[in-house]
Amino acid sequence: LPSVLYLGDCQLQTPCRIQKCTTDFVSLTSHLNSALEGFDLEFCKALRAYSACTYRNSKVCRGNLVYHSAVLGISDLMSQRNCSKDGPTSSTNPEVTHDPCSYSGHTEAREHQGGEETPTTTYLFCGLFGDPHLRTFKDHFQTCKVEGAWPLINNNYLSVQVTNVPVVPGSSATATNKITVIFKSYQDCTDQKVYQAVTDDLPAAFVDGTTSGGDGNTKSLQIVEKVSGKYIEMHAKYIGTTVYVRQLGRYLTLAIRMPQELVMAYEESQDLQLCVNGCPSSERIDDSGHLPLPVMVQLLPKGGAAHPWSVYTLETATTKCHEKMLVKDIYFYSCVFDLLTTGDANFTAAAHSALQDVEALHPRKEHWHIFPSSGSGGVGKGSKFFVCLGLVCLVLVVFL
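Residues numbered from 1 in each chain as written. Predicted model: local features only at pLDDT ≥ 70, side-chain atom pairs only at ≥ 80, totals over all residues. Heavy atoms only, no water.

Remarks on the pattern of salt bridges
In a structure, side chains of opposite charge can pair up when their charged atoms sit close to one another. Considering all chains together, one arrives at 8 salt bridges under this definition. With a shortest N-O distance of 2.9 Å, Asp-24 and Lys-20 are connected by a salt bridge. Here the residue Asp-24 and the residue Lys-20 both occupy positions in helix H2 (residues 18-29), the gap between them amounting to 4 residues, near one helical turn. Among the salt bridges present, the one from Arg-135 reaches Asp-139, with a minimum N-O distance of 3.0 Å. (Salt bridge = Lys/Arg side-chain N within 4 Å of Asp/Glu carboxyl O. Helix = DSSP H or I, 4+ residues; strand = E, 2+ residues; numbered from the N terminus.)

Okay, here's the thing in structure tokens:
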């Protein structure tokens, strides 16, 4: 018996989980009585669950003799009991339905092992939209220029890079026209998958033409097209991560939710991540949230020349943004700022959809809205932003 337990412990420490599959099958069938009605139905359901478990471990167990014996044994038992391969599977034992490529499943397993003292999973949100406005994983809100290619995220599981280009000549304001997302290879759940979107090319597939990662029907990683050419979602079940990418007007927006423990899984050399640490001070349009007037003055018309943004005044921009957003939070004021900066009404939709993404992905409802009067996190800086924005708008109105 000690040698069996020892072998069992070794087996559990290896990627191949065939012994766990077998143990679960025994647990599901040990109470069944072949003399009672319904035995075949329940036994077949347990066999299909056993078969599904072996299939999920097919790659990592390919050199394991116990695995191959189990596969042959399942086939023989299915033939003997006239069990169909397709049909319902047993779900009375939660361990049987545990998916090794489901982050929520990993979390439940850790909680079960650690008891009540094990903390629940904490999810973080990051978003980028507009001129661009960045909401970091710490719920700090910044306005940056970051022209060119910059990393939003770069950890052991995921890499996200954006490319920003100038929006208006003479201004430091930029917007995103390219997004690259790399899901790094992870155990038996998915090979490396790369997604890339550029203005007017928002595909519903990875660069290799596939729409999912993982084997069979596990769908541990998949792309879902919501609006053709305009809005896609990526769901990485194995790392509990969701990514939204949209095109609004000529520019792209991004929103992501990811478990905190995975967000923080990176080396010191990977610390340049806008979602984690915000924009470098040299790349901030705002100075501690305060937008300097010289940046905006450059946008004023010279020699009476007409510019697209000149169709908006503070009043009309406020009215336009209020049509989409009734709550005057930082997304509302970002909308006003973008309209006065660019004159492009698509930035109104970008701010509105960014707030919708927050409501869909941010785990804490009380943090959805960031208000200038709040003093927590990076919001205190936001109050300076709005004071300055008002002054900037007054200057613009005078020149209009």
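Having seen it, we continue.
Digging into the sheet that holds strand E7 (residues 193-198)
Sheet strands associate in pairs through backbone hydrogen bonding, adopting either a parallel or an antiparallel arrangement. The strand order E4-E5-E6-E7 describes an open sheet built from 4 strands, whose pairing is antiparallel. Taken across any chain shown, the strands that pair with only one partner, and hence form the sheet edges, are strand E4 (148-154) and E7. Each adjacent strand pair in this sheet contributes to an overall mean axis angle of 20 degrees, direction not counted. As paired strands, E4 and strand E5 (residues 158-166) are joined by 6 bridges and run antiparallel to one another. (Pairing = 2+ DSSP bridges. Axes fitted to C-alpha atoms, helices over the stretch in contact; angles between N-to-C directions.)

Regarding the state of the cysteines
Going through the model one piece at a time under the given rule, you end up with 7 disulfides. Two residues share a disulfide in this structure: Cys-101 and Cys-189, whose sulfurs sit 2.1 Å from each other. Taking the sign of the S-S torsion, -95 degrees for the link of Cys-101 and Cys-189, the bridge is left-handed. Note that Cys-101 is positioned in the loop between helix H4 (65-80) and helix H5 (103-114) and Cys-189 in the loop between strand E6 (174-183) and E7, a separation of 88 residues in sequence. Accessibility classification places Cys-101 together with Cys-189 in one group, the buried group. The disulfide partner of Cys-126 is Cys-275, and the S-S distance across this bridge is 1.9 Å. (Disulfide = S-S within 2.5 Å. Buried < 20%, exposed > 50% of the residue type's maximum accessible area, 1.4 Å probe, protein only.)

Overview of the packing of helix H3 (residues 39-56) against H4
Relative to each other, H3 and H4 sit at 150 degrees, their axes nearing to 10 Å. The angle between H3 and H4 places the two elements in the roughly antiparallel class. Considering how the two elements wind past one another, H3 and H4 form a crossing that is left-handed. Listed contacts from H4 to Phe-43, Leu-47, Arg-48, Tyr-50, Ser-51 and Thr-54 of H3 are Tyr-67, Ala-70, Val-71, Ile-74, Leu-77 and Met-78. Broken down by class, the residue content of the contact of H3 with H4 amounts to 9 nonpolar, 2 polar and 1 charged. (Parallel < 35°, antiparallel > 145°, perpendicular 65-115°, else oblique. Left-handed = near helix turned anticlockwise from the far one by under 90°. Contact = heavy atoms within 4.5 Å. Nonpolar A, V, L, I, M, F, W, Y, C, P; charged D, E, K, R; others polar.)

Without other data, these values stay purely geometric and don't point to any function.
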